[in-house]
Amino acid sequence: MYTGGNFTRLCCHKINIYCGCQVQSETPSVLHAQGKQMFNGSSITQFLLLAFSDRGELKLLHFWLFLGIYLAALLDNGLIITTIACDHHLHTPMYFFLLNLSLLDLGSISIIVPKSMANSLWNTREISYLGCAAQLFVFLFLITAEYCLLTIMAYDRYVAICKPLHYGTLLGSRACVHMAAAAWGTGFLYALLHTANTFSLPLCQGNVLDQFFCEIPHILKLSCSHSYLREVGLLGVGVCLAFGCFVFIVVSYVQIFRALLRIPSEQGRHKAFSTCLPHLSVVSLFLSTGLFAYLKPLSTSSPSLDLVVSVLYSVVPPALNPLIYSMRNQELKDALRKLITGCYSEAINFLSSSAKQLPCNSGQAQPVF
């Protein structure tokens, strides 16, 4: 049985009218706004990354696969860095930029793969808020610097083939250091700007990321409506700059191919083109995987496909880049073989000298005191 007062209050609450009493009713939009306010008030301390699989066997497979790729990337890039640093014949602009490329590849794969491996091994998806910000900053910093460096390497090949007489002047040691520093500095500033802006946005859609590492588009999906437009504008500026670098690379190679066609001997054309092919292959791999990841049609999008594509553009290039350069560059292969042979010979000499210095009177009778 409802009393008169209770029934009146129930009517006011149900039909949201004034029936002798004033009852405040909240529309769905007001509830949604209050929910956002409540979520923003509680600070996010961690994000949940995308897991490769829920099955234990597939998680172990993911761990061992990433471990193999990571060790291969460490070995290949480490050998290239050591070879270029130790062989004075490779102290040229092209190999100086290649050394920087290997450093960037080592950093970019090291900021993503170990964390993903640890999550699979310990059966977790968590990454701290500060860890996510650091991962996003470092990865964006290294990827941007690598793209700028690939643009500079295209200029290096252009000057070497189209203006060989001015190569020493245009690409002296001071100029190379300045260009490499500009690539690293551009990546740092670009990453700092995007990271600070992305993590200043209010997040209203939870803390679950549809990616196995922290990435700007997936963090923007968690932001409140219309609050991400500033970051989208910054991404638009970045796309314009990236397109400018792409045009510069294309124009450089158009001039390079025109110069190659003017070389009379076939052997000379082949030798000149062999110095450009590794860089062209690395640029094609870098751009094709990145463009397919961000510009693929939505109709073909699926979680498994997105995961494979993200692995292709974030994990595979750092492992393949040193192989591409070492397979097509005879000078680098000779220096690498010389380094490995020298290290092996020194190790054998060290072991033999250590064996000679061992005491040889172990078979003699020891005096008894």
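All values derive from a computational prediction rather than experimental measurement.

**Q** I would appreciate a short explanation of unusual backbone geometry in the present structure.
**A** Backbone geometry follows two general trends: most residues other than glycine have a negative phi, and most peptide bonds adopt the trans configuration. Positive phi, close to 55°, is recorded for asparagine 123, a residue that is not glycine. Inspection of the secondary structure puts asparagine 123 in the loop between helix 5 (113–121) and strand 2 (126–128). On the basis of relative accessibility, which here comes to 53%, the residue asparagine 123 falls in the exposed class.

**Q** Would you mind showing me how to read the packing of aromatic side chains here?
**A** By convention here, two paired aromatic rings are described through the distance between centres and the angle between planes. Scanning all chains against the criterion turns up 19 aromatic pairs. Plain terms: the ring middles of tyrosine 147 and phenylalanine 286 are 5.7 Å apart, the flat faces sit at 10° to each other, and that makes the pair stacked. Of this pair, tyrosine 147 sits in helix 6 (residues 129–162) while phenylalanine 286 sits in helix 11 (residues 266–295), placing them 139 residues apart in sequence. The class for tyrosine 147 is buried, based on a relative accessible area of 11%. For phenylalanine 286, a relative accessible area of 16% corresponds to the buried category. Taken together, the ring pairs connect Phe52, Phe66, Phe139, Phe212 and Phe213 into an aromatic cluster.

**Q** Explain the pattern of salt bridges to me, please; I cannot follow it from the model alone.
**A** Between side chains of opposite charge, pairing is possible as soon as their charged atoms come close. With the rule as written, the count across this model stands at three salt bridges. Across the pair glutamate 57 and arginine 55 runs a salt bridge, and its minimum N-O distance is 3.5 Å. Comparing glutamate 57 with arginine 55 shows no difference in burial state: the two are exposed. Two residues, arginine 337 and aspartate 334, come together in a salt bridge whose shortest N-O distance is 3.0 Å. Highlighted residues: arginine 337 and aspartate 334, both in helix 14 (residues 330–356), separated by three residues, approximately one helical turn.

**Q** Honestly, the packing of helix 6 against helix 11 in this entry has me stumped. Any pointers?
**A** A pair of packed helices is captured by two measures, namely the crossing angle of their axes and the spacing between those axes. Running from N to C, helix 6 and helix 11 point in directions that differ by 155°, and their axes come no closer than 11 Å. Taken together, helix 6 and helix 11 sit at an angle that is classed as roughly antiparallel. Here helix 6 runs over helix 11; the crossing is left-handed. For the pair helix 6 and helix 11, the contacting residues are Ile143, Glu146, Tyr147, Leu150, Met153, Ala154, Arg157 and Ile161 in the first and Ala272, Thr275, Cys276, His279, Val282, Val283, Phe286 and Leu287 in the second. Grouping the constituent residues of the contact of helix 6 with helix 11 by class yields twelve nonpolar, two polar and two charged.

**Q** I would appreciate a short explanation of the environment of threonine 198 in the present structure.
**A** Turning to its location among the elements, threonine 198 is positioned in helix 8 (residues 173–198). Threonine 198 sits in the buried class, given a relative accessible area of 2%. C-alpha separation for the pair threonine 198 and glutamate 215, spaced 17 residues apart in sequence, amounts to 9.9 Å.

**Q** In this structure, what is going on with the side chain of serine 310? I would like to understand it.
**A** Within the element layout of this structure, serine 310 appears in helix 12 (residues 303–314). Under the relative-accessibility criterion, serine 310 is labelled buried at 2%. Side-chain polar atoms of serine 310 contact the backbone oxygen of leucine 307, separated by 2.7 Å. Sequence-distant contacts of serine 310, defined by excluding residues within four places in its chain, comprise Gln211, Phe212 and Val315.

**Q** What should I look at first to understand helix 6 in this one?
**A** Residues three or four positions apart in an α-helix share a direction because the helix packs 3.6 residues into each turn. The first and last C-alpha atoms of helix 6 sit 49 Å apart over 34 residues, in line with the 50 Å expected at 1.5 Å per residue. For helix 6, a buried count of 26 out of 34 residues is recorded, marking the element as mostly surrounded by other parts of the structure.

What counts and what doesn't
What you see as residue numbers is a count from 1 along each chain, following the sequence as written. Per-residue local features of the predicted model are confined to residues with pLDDT of at least 70, and side-chain atom pairs are confined, for both listing and counting, to 80 or more; whole-chain, interface and lining totals are unaffected and use all residues. The side-chain numbers reported here are obtained from all heavy atoms of the structure, hydrogens and water having been left aside. Secondary structure elements are taken from DSSP: a helix is a run of H or I of four residues or more, a strand is a run of E of two residues or more, and numbering for both begins at the N terminus. Throughout, exposure labels follow a simple rule: accessible area from a 1.4 Å probe, protein chains only, divided by the maximum for the residue type, with under 20% read as buried, over 50% as exposed, and the rest as partly exposed. Pairing of aromatic rings covers Phe, Tyr and Trp, the last through its six-membered ring, and needs centres within 6.5 Å; plane angles under 30 degrees mean stacked, over 60 mean edge-to-face, and all others mean tilted. When a carboxyl oxygen of Asp or Glu lies within 4 Å of a side-chain nitrogen of Lys or Arg, that pair is called a salt bridge. Every axis corresponds to a line fitted to the C-alpha atoms, with the helix fit spanning only the stretch in contact, and the corresponding angles, defined between N-to-C directions, vary from 0 to 180 degrees. Our angle categories are set so that under 35 degrees counts as roughly parallel, over 145 as roughly antiparallel, 65 to 115 as roughly perpendicular, and the remainder as oblique. Less than a right angle of anticlockwise turn of the near helix away from the far helix marks a crossing as left-handed, whereas a clockwise turn marks it as right-handed. Whether two residues are in contact is decided by their heavy atoms, any of which lying within 4.5 Å being enough. Under the scheme applied here, ten amino acids are nonpolar (Ala, Val, Leu, Ile, Met, Phe, Trp, Tyr, Cys and Pro), four are charged (Asp, Glu, Lys and Arg), and all others, including Gly, are polar. Under the rule applied, a polar contact is a pair of N or O atoms within 3.5 Å (in protein, one hydrogen donor and one hydrogen acceptor; residues adjacent in sequence only if both atoms are side-chain atoms). Any helix carries an expected span of 1.5 Å times its number of residues minus one.

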